[in-house]
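In case you want the letters, here they are:
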Amino acid sequence: QVQLVESGGGLVQAGGSLRLSCAASGRTFSGYAMAWFRQAPGKEREFVVAIGWSGSRTYLNSMKGRFTISRDNAKNTVYLQMNSLKPEDTAVYYCAATLGDTSTYVSDYVYWGQGTQVTVSS
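Here's what I pulled together on the structure shown here. (Residues numbered from 1 in each chain as written. Predicted model: local features only at pLDDT ≥ 70, side-chain atom pairs only at ≥ 80, totals over all residues. Heavy atoms only, no water.)

Let's talk about the packing of aromatic side chains
Then, number 1: Inspection of the entire model under this criterion finds six aromatic pairs.
Then, number 2: Here Phe 37 and Tyr 109 contribute two aromatic rings whose centre-to-centre distance is 5.3 Å and whose plane-to-plane angle is 75°, an arrangement assigned as edge-to-face. Placement of the pair is Phe 37 in strand E4 (residues 32–39) and Tyr 109 in the loop between strand E9 (91–99) and strand E10 (111–112), with a sequence separation of 72 residues.
Then, number 3: Given the relative accessible area of 5%, Tyr 109 is considered buried.
Then, number 4: These aromatic residues form a ring-pair network of at least three members: Phe 37, Phe 47, Tyr 94, Tyr 109 and Trp 112.
Then, number 5: Of note, Arg 45 hangs over the ring of Tyr 94, and the distance from its end group to the ring centre comes to 3.7 Å.
Then, number 6: Across the ring face of Trp 112, the terminal group of Arg 45 is positioned such that the distance to the ring centre comes to 4.9 Å. (Phe/Tyr/Trp six-rings, centres within 6.5 Å; stacked < 30°, edge-to-face > 60°. Helix = DSSP H or I, 4+ residues; strand = E, 2+ residues; numbered from the N terminus. Buried < 20%, exposed > 50% of the residue type's maximum accessible area, 1.4 Å probe, protein only. Lys NZ or Arg CZ within 6 Å of the ring centre and 35° of its normal.)

What about the sheet that holds strand E3 (residues 18–25)?
Then, number 1: Taken in spatial order, the four strands make up an open sheet running E1-E3-E8-E7, and their pairing is antiparallel. One side of each edge strand has no neighbouring strand; the edge strands of this open sheet are strand E1 (3–7) and strand E7 (67–72). Adjacent strand axes in the sheet meet at a mean angle of 15°, parallel and antiparallel pairs treated alike.
Then, number 2: Pairing geometry for E3 and strand E8 (residues 77–82), over six bridges, is antiparallel. Across the sheet, the residue bridging to Cys 22 is Val 78, located in E8. (Pairing = 2+ DSSP bridges. Axes fitted to C-alpha atoms, helices over the stretch in contact; angles between N-to-C directions.)

Focus: the pattern of salt bridges
Then, number 1: Inspection of every chain in the model, using the stated rule, returns three salt bridges.
Then, number 2: Between Arg 38 and Glu 46 there is a salt bridge, with the nearest N and O atoms lying 2.6 Å from each other.
Then, number 3: Accessibility expressed as a relative area gives 9% for Arg 38, which makes it buried.
Then, number 4: Residue Arg 66 pairs with Asp 89 through a salt bridge whose shortest N-O separation is 2.7 Å. Here the residue Arg 66 occupies a position in the loop between strand E6 (57–59) and E7, and Asp 89 occupies one in the loop between E8 and E9, the gap between them amounting to 23 residues. With respect to class, Arg 66 is no different from Asp 89; both count as buried. (Salt bridge = Lys/Arg side-chain N within 4 Å of Asp/Glu carboxyl O.)

Brief notes about the environment of Thr 77
Then, number 1: Here Thr 77 lies in strand E8.
Then, number 2: Residue Thr 77 is classed as buried on the basis of its relative accessible area of 10%.
Then, number 3: Residues Thr 77 and Gln 3, spaced 74 residues apart in sequence, show a C-alpha to C-alpha distance of 11 Å.
Then, number 4: If near-sequence neighbours (up to four positions away) are discounted, Thr 77 is found in contact with Ser 21, Cys 22, Ala 23, Phe 29, Ser 70, Arg 71 and Asp 72.
Then, number 5: For Thr 77, the side chain forms a polar contact with the main-chain oxygen of Lys 75, separated by 2.8 Å. (Contact = heavy atoms within 4.5 Å. Polar contact = N/O pair within 3.5 Å; in protein donor to acceptor, adjacent residues only side chain to side chain.)

Concerning the side chain of Thr 116
Then, number 1: By the element assignment, Thr 116 lies in strand E11 (residues 116–121).
Then, number 2: Within polar-contact distance, the side chain of Thr 116 engages the backbone nitrogen of Gly 9 at 3.2 Å.
Then, number 3: Residue contacts for Thr 116: discarding those within four places in its chain leaves Glu 6, Ser 7, Gly 8, Gly 9, Leu 20, Ala 91, Val 92 and Tyr 93.

Next up, the structure:
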């Protein structure tokens, strides 16, 4: 079992920045691919970015240049730095983990956090 706890969400004005954190516990963190997804009201959960155990990254094209994922295996934590935020980035952001390679599909991730709300005002 892996437990994931997100933090760092909040209210920010358009153009601002936030850094989300996801703390993992329970198993060897370094062997897991980690990802961030988000879900806006009335919409399906969508992939944002992922990072593999080797540090390789996969981004949704629209996020490139604004969002950056990183991981600190010593701290069992993955981060999402979000810059130049837009109102359309408003959503609940979820951290997810799976063994093996990164994926952009919700169904490929076994472990999920409870989510953290990000609200971007115009």
